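Residue-level structural notes
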Amino acid sequence: MASAVTQNMRRLLEQYQQLRGRNSPDGAAMWNVVVITTADAAQQEAFQQQIQDKHKRKELPLDLPIHIVSDPPGPRIGNGGSTLTALEFLHSVYGDSVYGLKVLLIHAGGWSQRMPSATILGKVFAAIPHGEPLYQMLDLKLAMYLPLIPHLPPGVFLVCADDFLVYDLGQDDNWAIPSTGVTALAHPSTMEVGRSHGVYVVKDADSIDTSKTVVLAQCLEVLQKPTDDLMRSKGALLKSDSGSLEFADGICMEGDVVYTDSCFFFGVDVMKKFLNLKKEIGTVSCEIDAYGDFLQALGPKATDEYIYNTSNISQVTSDLRQVRKQVFAAMCGTDIHVLLLNASQFIHVGTTKELIHYFSQDQTFQSQMFLQKDVFNCWLSEGPDEMTQRGDSTDSKADHSALSAAPDTGESQGCVMHSVLMRSSSFAATCIMEYCHFEVPVVVQENTIVSNCQWLQSSEDKSLGIKSSTLVLPSETFLHTVSLLHEGTSHYVTIFFHISDNLKMSTAVSKLTSLPFLNRTVGSALKHWQLPESIVSSHVKSSEDKVSLWTLKMYPGAPTMTESLQMALDMVSCVRNECSLSCALSLDRHVFFSLADALALKDVSTMLNFRRKLFDQIVEGRPEISA
């Protein structure tokens, strides 16, 4: 029998499916307004185009207002700064009537440095292996909190774009979220999880009935990414005589347990405080964190010590400390409650390894979210002849016109979404492929993510009826092709790295060769590519500058997606096999780009057109979808 959590997730997904492509029926629980924040005006335009596409395809509730609000130009302002900007926008549009609305605020403006497949088009539009047509994270965000809406007064429910919440509210409806102050959702977690999240110090934690599905409690203090000693000394741990704790829906947790954060609600009184704070600050020009700055100022035991801790700030500006003091002054004394969801789990999918784990390995999560392995794809059959490995000279005729079902790979199949592929392709159980088009059979090895890639047969091979060789995509690799505009010329650039590479790790430019890359180093890669350091560091202006895998120009531009992917695979292969690239590749003739360049030079229209064509091909090949 399915757990209560699984049953609840089924209900809310079914409820949302009934709202998709329709006007909300009278009395249906739905947000009055949705706001999605972006990092800049270019990302705002990309988001708006994708919202328009989803409306055309009837993938969203038709009568739900969705606003895209961009951060102002200048330094990063964090999701706290974005919150203030979004509230100012809402008040300018709705006036004081905004205080009667239930608002869903989705922060989606990050760079997605740990999951670059979402860097250009946004985390909130990341593919989810569910639904026909394919769901995106925005669909999940709209579905995920539907059971909470009837319990909410007017105010703002703040969430991020790269996480899931699986939960059950039980049968007891005798509770409500307070209309004033802040109410944060809290989830039982291990201390290990607590070290990298916000942790709530709950009043009278020892007397909480953890068997109850929902408990509304007072919060004394909020800790951000605390040490074990700090969690203990602050009284954040739930104590147990037996060494384990039982929670609702049969959930049992061993060892020390804490309540950790996910999303939070704030009422009209806090909305007004934020609007007054925005007037006081004026243009936000420093990084404010909605969790670190807003929540740590709350609770009777809150202090301003965190103001002086900048370890989690990506860009420390001269006015940061003063603005944090203003935030603390505005928020100090505001009530904070926690809604303890004892039958829940908060799941972050913002990194390559998290994505692989939850979409291809964690069967419990996949069952709870009704995720699948083969979602919204078109499979082509090649004809009776056997395919050959890439590089094999065997030629034979092929017929790529016939449509077929997905590969019969059983439980071993990886997660494949929104793609047009050959039926004879094969996928390791721990690989993920999305938004791809391959006219050749492909073998995707374990722990590999392939996004927005294409491999087309040459027109000459097609005219001669030559069968293409099988393309092998290496293990432990991230591959993602982006479209760029540089000095009036279009380029395709395939980003590649080992899934364990840290794109944020920085070092002095003089030590760039020491950066870990592809299970080797940048220096090793440059040696095998016969590429001078001056090319990958050509953007550096001073010897004191820092560089990282995010800023190094290691990715050559190409005129087609196929050529771009081919160069990427050759470059990966020569590093892993410790051999030199063929002189025929002539890397020195190409313009090189970094991930930072990709963000700045993104050609959103070309990328969206590629996905639109894929959508049309899939629908044409799957008549049951368009019926």
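Quick look at the structure, then. (Residues numbered from 1 in each chain as written. Predicted model: local features only at pLDDT ≥ 70, side-chain atom pairs only at ≥ 80, totals over all residues. Heavy atoms only, no water.)

All right, on to the overall build of the protein chain then. Looking only at helices and strands, the protein chain features 18 helices and 36 strands. Here the protein chain has a C-alpha radius of gyration of 25 Å; the compact-globule value for 627 residues is 25 Å, and the two agree. For the protein chain, the share of sequence-separated contacts (at least 6 apart) that also reach a separation of at least 24 residues comes to 72%. Entry remark: accessible area of the protein chain is about 25,200 Å², with carbon and sulfur atoms responsible for 47%. Taking the average location of the 49 positive side-chain charges in the protein chain and that of its 70 negative ones, the two points are 4 Å from each other. (Helix = DSSP H or I, 4+ residues; strand = E, 2+ residues; numbered from the N terminus. Rg over C-alpha atoms; globule rule 2.2 N^0.38 Å. Contact = heavy atoms within 4.5 Å. Areas by Shrake-Rupley, 256 points an atom, 1.4 Å probe, with all protein chains shown as cover. Lys, Arg positive; Asp, Glu negative; His and termini not counted. Charge placed at Lys NZ, Arg CZ, Asp CG, Glu CD.)

Attention shifts here to the pattern of salt bridges. Within this structure, the stated rule accounts for 17 salt bridges. The partner of lysine 54 in a salt bridge is glutamate 59, and the shortest N-O contact between them spans 2.9 Å. Residues lysine 54 and glutamate 59 agree in their burial class; the two are buried. Where lysine 553 meets aspartate 597, a salt bridge forms, and the shortest distance between an N and an O atom there is 2.6 Å. Taken together, the residues span a long stretch of sequence, with lysine 553 in the loop between β34 (546–548) and β35 (555–556) and aspartate 597 in helix α16 (residues 595–601) at a distance of 44 residues. The residues lysine 553 and aspartate 597 share a single accessibility class, namely buried. (Salt bridge = Lys/Arg side-chain N within 4 Å of Asp/Glu carboxyl O. Buried < 20%, exposed > 50% of the residue type's maximum accessible area, 1.4 Å probe, protein only.)

All right, on to the packing of helix α2 (residues 41–56) against helix α17 (residues 604–621) then. Interaxial distance between α2 and α17 falls to 10 Å at its minimum, and their mutual angle equals 20 degrees. Relative to α17, the element α2 lies roughly parallel. For the crossing formed where α2 meets α17, the hand is right-handed. Touching Ala46, Gln49, Gln50 and Asp53 of α2 are Val604, Ser605, Leu608 and Arg612, all from α17. Grouping the amino acids of the contact of α2 with α17 by side-chain chemistry returns three nonpolar, three polar and two charged. (Axes fitted to C-alpha atoms, helices over the stretch in contact; angles between N-to-C directions. Parallel < 35°, antiparallel > 145°, perpendicular 65-115°, else oblique. Left-handed = near helix turned anticlockwise from the far one by under 90°. Nonpolar A, V, L, I, M, F, W, Y, C, P; charged D, E, K, R; others polar.)

The strands making up a sheet associate through hydrogen bonds between their backbones, and the pairing can be parallel or antiparallel. Pairing is parallel across the open sheet formed by three strands, whose spatial order is β22-β25-β28. Bordering the open sheet on either side are β22 (426–427) and β28 (471–473), each of which pairs with just one other strand. The pairing of strand β25 (residues 442–444) with β28 spans three bridges and is classified as parallel. The residue of β28 that forms the bridge with valine 444 is leucine 473. (Pairing = 2+ DSSP bridges.)

Right, let's get into empty space enclosed by the protein. Vacant regions in the atomic arrangement are exposed by a probe of water-molecule size rolled over the atoms. Inspection of the entire model under this criterion finds two cavities of 30 Å³ or more. Considered as a void within the structure, the largest cavity measures approximately 230 Å³ in volume. Together, 23 residues line the largest cavity, and Met115, Ser117, Ala118, Ala126 and Ala127 are the ones closest to its centre. Of all the secondary structure elements, the ones that give two or more residues to the lining of the largest cavity are β4 (127–128), α10 (352–361) and β23 (432–434). Residues that form the lining of the largest cavity fall into these classes: 15 nonpolar, four polar and four charged. Counted as a void, the second largest cavity has a volume near 160 Å³. Around the second largest cavity sit 14 residues that line it, and Arg57, Gln136, His418, Tyr435 and Arg611 are the ones nearest its centre. Mapped onto the lining of the second largest cavity, the elements with two or more residues apiece are α2 and α17. Looking at the lining of the second largest cavity residue by residue, the class counts come to five nonpolar, three polar and six charged. (1 Å grid on protein atoms, 1.4 Å probe; cavity = no way out; pocket = protein on both sides within 12 Å on 5 of 7 lines; lining within 4 Å. Points joined across faces, edges and corners; volume = space filled by probe spheres on them.)

This brings us to the sheet that holds strand β20 (residues 415–417). Strand order in the open sheet formed by six strands is β17-β20-β23-β26-β29-β30, and the pairing between neighbours is mixed. Every other strand in the sheet has two partners, leaving β17 (374–375) and β30 (489–498) as the edge strands with one partner each. Sheet strands in contact with helix α15 (residues 561–576) are β29 (477–486) and β30, and its direction is about 30 degrees off that of β30. Packing against the sheet, α17 makes contact with β26 (449–451), β29 and β30, and its axis sits at approximately 125 degrees to β29.

Moving on, we get to α17. With 18 residues, α17 extends 26 Å between its outermost C-alpha atoms, agreeing within 8% with the 26 Å of an ideal straight helix rising 1.5 Å per residue. When α17 is considered as a whole, its buried residues turn out to be Val604, Met607, Leu608, Phe610, Arg611, Leu614, Phe615, Ile618, Val619 and Gly621. (Expected span 1.5 Å × (residues − 1).)

Its twelve residues place the ends of helix α9 (residues 320–331) 16 Å apart at the C-alpha level, agreeing with the 16 Å of an ideal helix rising 1.5 Å per residue. When α9 is considered as a whole, its buried residues turn out to be Leu320, Val323, Arg324, Gln326, Val327, Phe328 and Met331. Taken together, the buried residues of α9 touch α7 (268–281) and α8 (290–294). One or two positions beyond α9, positive phi appears at glycine 333, with a value near 95 degrees.

Counted residue by residue, strand β9 (residues 198–202) has five buried out of five residues, so it is predominantly covered. Here β9 shows no split at all, with Gly198, Tyr200 and Val202 on one side and Val199 and Val201 on the other all buried. Pairing geometry for β9 and strand β10 (residues 214–224), over five bridges, is antiparallel. Within β10, the residue paired with tyrosine 200 across the bridge is valine 222. Where β9 and strand β13 (residues 257–260) come together, two bridges link them in antiparallel fashion.

Next up on the list: the environment of threonine 351. For threonine 351, the position within the fold is in the loop between β16 (344–348) and α10. With a relative accessible area of 15%, threonine 351 lands in the buried category. For the pair threonine 351 and leucine 105, spaced 246 residues apart in sequence, the C-alpha separation works out to 22 Å. When residues no more than four places from it in sequence are discounted, the contact partners of threonine 351 are Arg114 and Met115. At a separation of 3.1 Å, a polar atom in the side chain of threonine 351 contacts the main-chain amide nitrogen of glutamate 354. (Polar contact = N/O pair within 3.5 Å; in protein donor to acceptor, adjacent residues only side chain to side chain.)

Moving on, we get to the side chain of threonine 38. As for its position among the elements, threonine 38 is in strand β1 (residues 33–38). Discounting residues that sit within four places of it in the chain, threonine 38 has contacts with Gln43, Gln44, Phe47, Ile68, Val69, Ser70, Asp71 and Gly109.

Let us now look at the pairing of strand β15 (residues 336–341). In terms of residue burial, β15 counts as a mostly covered element, since five of its six residues are buried. Bridge analysis of strand β8 (residues 182–190) against β15 gives five bridges, and the strand direction is parallel. Bridge assignment links leucine 185 to a residue of β15, and that residue is leucine 339. As defined by bridge partners, β10 adjoins β15 across five bridges and the pair is classed as antiparallel.

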